[in-house]
Each structure stands twice: as structure tokens, then as C-alpha cells.
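Observations on chain architecture
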Amino acid sequence: MLVANVLAFVAAALMGFSKLAASFEMLIIGRFIVGLYSGLSTGFVPIYVEEISPTPLRGALGTLHQLGVVIGILMAQIFGMESIMGNTTLWPLLLAFTLLPAVLQCVLLPLCPESPRYLLINRNEESKARSILVKLRGTDNVAEDMQEMKEESQQMMREKTVTIPELFRSPVYRQPIFVAIMMQLSQQLSGINAVFYYSTRIFERAGVSQPVYATIGAGVVNTAFTVVSLFVVERVGRRPLHLTGLMGMAVSAVLLTVAIALLDQLRWMSYISIAAIFSFVAFFEIGPGPIPWFIVAELFSQGPRPAAIAVAGFSNWTANFLVGMFFPYVEQVCGPYVFIIFTVLLIGFGIFTYFKVPETKGLTFDEISAGFRQSAGQGADKYSAPEEFNSLRGDDPDL
């Protein structure tokens, strides 16, 4: 993570000086490099956070990654206003702001400990791993965490090195990687980026006189409901929150479609469209926003986790790119009914989540992996997530 900040420095320099050099090539290359940096960060951060988190707080701490993302989006929306930095004079400085979080990371990351799970399982440094765990947990009683990591280490010794192709060939990994990819697609193909990329245009069509402020309002809702998810994810669970978010977004998308379609006949529909967008964003941050990022790390043990994160991240950013590229053209063809497409996708992802996505709340990494191994041994093509972890739930109704 520390080395990756070099990309942020290079990108900030290229974008910041692109206007002075009168070079659009510098701007394009800078954007490309900062995209690489973003891709690496969205892979490294969830892995690290999940590996250092105690099992009962893993979901809440994993949501902090998404909270950082939405705060960044909100800051970009505010500073991107024409009256602040989104103008012909200051836009290079705005793009160069990529430098600031990179500098902050360079100062703070050396203070962060190495992952104890990585030290014990990958480097066999048990004493160092235990010492870091004691600092992270704030107690000398880390025997349970150490035992859980040792059991996962023993399981890894029985596995060969896992490559990306092996994730798809092995029946043990095929199930969780399919779930991981679908979770990432459910985030990006939900329509959320269509809303944020083109929110100003949507608000203009809705008749909002100052659409930029409505867009910032959506960013505030985005941040607020990520905080809500932070506090409820360990109480409610990943699966119910993700389902609630998907279905709520589907209903909001239908309302948005109806409101925009009837806007010319009923001017008060502009208020419905704004409410629908805010509702859409709120339900997104309840589940589909934060959960796909950290659940991928939960679905895999230490060995296949890096390869799985790479595949999931590639799926996420590819879907992000496709939505950003093609939404304007699809909107021209479909008009106000464009969000019906996302409604259908959301319902489909909801059905998939109900039948295929397991609940991981309160389970250790090894228990989750054991569930998939057991399922693969009994016939991977016929498993059902609600039944998959019955053997692991015991009598706890919360799992």
C-alpha cells in the first residue's frame, strides 16, 4: 500500500501540470495512472482491514473502506463546484489534490502494523504475529485468534498455490469466486454510477433550478447511510442488508422512472424524482455499496484471497467502465425508461443473493472456507446458501 502511493504522486504531477504544459496527453496518462492506483487501493485496503479485524467487528471495520470512498466523493463534489475549484482556472489544482491523501498515507502507514495473519500463515513468524495481535486487541488473551490462524495455516499446507485460473477450475473455489464476482457486479450494475456520473443532468431534467446542490445533497445522503450501515452490519448481517439494499433500489428506480416520464404533465413529479434519487442512493449504501468490497476477503482463506480480490476488483472496475461509457447512449435510446434496465438487474441480483450468497457474520475465515469445501464435496451445482451453513450455525439464531 505504501509503494502504491508513488502512482498517486506521478498522477498528481501529470494532471496538475497538464494545463501549464498545454498537453491533453499528460491529463489522459495521469487519469490512467490514478485509475491504476485506485484499482490497487480497492484491493489492498479490504484485505488488510479484514485480516487485522476481530471476527465480531469484521463487517463494521470493513465498511470503513466504503466510508472513506464516499467521503472522497462528497469532497470532490463540493470542491468541484464552479465557485470553488471547478472552473477554468483551478481545475488542474483540483485534479492534483490526489496528492493529499497519498501524503497522508505515507505519514500514517508506517505507524500501522503488518497483518498478523500474513506474518503467521505466510511467513511463519508466530511470535511477531502474536505481539502485533496483542497490540491490536489491547489484551494479552489472543489465544483464540492465534489458534484460528494456525488452523487456517494447517489447511493452507494441504493446498497448492492458488492461481487465478485455479479459482475457476477447482470446485472448491468456483462457488465463492462466482459469488464474489456477482456481488461486485450487483454493486456496479445497480445503476448507482449512472446516478452519480449523470446526476446533474438527471436533476436538470427533473426541473431543479440548482442541480449542483441537489447532487451534493445526494453525496451527503451517500455518506450518512454508509455510517448507518457501519453500525448495523454486525447486528443484521451481510445477506439481509444486501437484499434490503437491492430491493429498495429497485423500488426507487421504478419511482424515478415514473417521475421522469410524467414530469412534463405533472411538475410536482420533480420532487418525487429527487426523493427517488436520494432513496436510491440511501439503499445503495445500506448494503450494495460497502458489503461487496469486504465480503470477498471473507469468502476465501489466506491462500486464494489475493487472486480472488484481483478477479473481483477487475470485475468491479470493468462494470464501472462499461456503465460510464454506455449509459449516455442507452439513455438516448430509452429516454426516461432507462432505469427499468437497472430495475431488472437489481431484481436478478436480489434473487441470486437470496439463493446463493451465504451469511458470513460471526464466522471465522476457516469456517467460511470449510462451508464451501463441504458444499463442493456434496455437489457444488445444487447448493443453496440458506442451507449451506446450517452445520456452522449451531443454535445461534443470529447466524
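Values in this document were obtained by computation on a predicted structure and should not be read as measured data. Here, residues in each chain are numbered from 1, in the same order as that chain's written sequence. Local features are withheld for residues below a pLDDT of 70 in this predicted model, meaning they are given only at 70 or higher, and side-chain atom pairs are given and counted only at 80 or more; totals for whole chains, interfaces and linings count all residues. The side-chain numbers reported here are obtained from all heavy atoms of the structure, hydrogens and water having been left aside.

By definition here, a salt bridge exists when the distance from a side-chain nitrogen of Lys or Arg to a carboxyl oxygen of Asp or Glu is within 4 Å. In total, this model carries 12 salt bridges according to the counting rule given. Of the charged contacts, one joins Arg117 and Glu148 as a salt bridge, the two residues approaching to 2.9 Å between their closest N and O atoms. With Arg117 in helix α6 (residues 116-122) and Glu148 in helix α8 (residues 143-157), this pair connects stretches of sequence that are 31 residues apart. Of the residues examined, Arg117 reaches a relative accessible area of 5% and is grouped as buried. The residue Glu152 makes a salt bridge to Arg305 at a minimum N-O spacing of 3.9 Å. In this pair, Glu152 is assigned in helix α8 and Arg305 in helix α17 (residues 305-334), connecting sequence segments 153 residues apart. For each residue, the accessible area found with a 1.4 Å probe, counting protein chains only, is set against the maximum for its type, and the residue is called buried under 20%, exposed over 50%, and partly exposed in between. Exposure remark for Glu152: the relative accessible area of 0% places this residue in the buried category. Each of Glu50, Arg58, Glu234, Arg238 and Glu298 takes part in one network of salt bridges that share partners. Helix numbering and strand numbering both begin at the N terminus, where a helix is a DSSP run of H or I of at least 4 residues and a strand a DSSP run of E of at least 2.

What follows is about the packing of aromatic side chains. In this scheme Phe, Tyr and Trp rings, the latter by its six-membered ring, pair at centre separations within 6.5 Å, and the angle between planes marks the pair as stacked below 30 degrees, edge-to-face above 60, and tilted otherwise. Under the criterion given, the structure shown has 8 aromatic pairs. Ring centres 6.3 Å apart and planes at 75 degrees place the aromatic pair Phe280 and Phe339 in the edge-to-face group. Of this pair, Phe280 sits in helix α15 (residues 269-286) while Phe339 is found in helix α18 (residues 338-356), placing the two residues 59 residues apart along the sequence. Both residues of the pair, Phe280 and Phe339, belong to the buried class. Between Phe339 and Phe342, the aromatic rings sit 5.6 Å apart at their centres with planes inclined by 50 degrees, giving tilted as the arrangement. On the criterion of helical spacing, the pair formed by Phe339 and Phe342 is a turn pair, its members being 3 residues apart in helix α18. Given a relative accessible area of 2%, Phe339 falls into the buried group. Since its relative accessible area comes to 7%, Phe342 is described here as buried. Two thresholds decide whether a charge sits over a ring: the Lys NZ or Arg CZ must be within 6 Å of the ring centre and within 35 degrees of the ring normal. When the ring centre of Phe365 is taken as reference, the NZ or CZ atom of Arg58 above it lies at 4.8 Å. Directly above the ring of Phe365 sits Arg305, whose terminal nitrogen or CZ lies 4.3 Å from the centroid.

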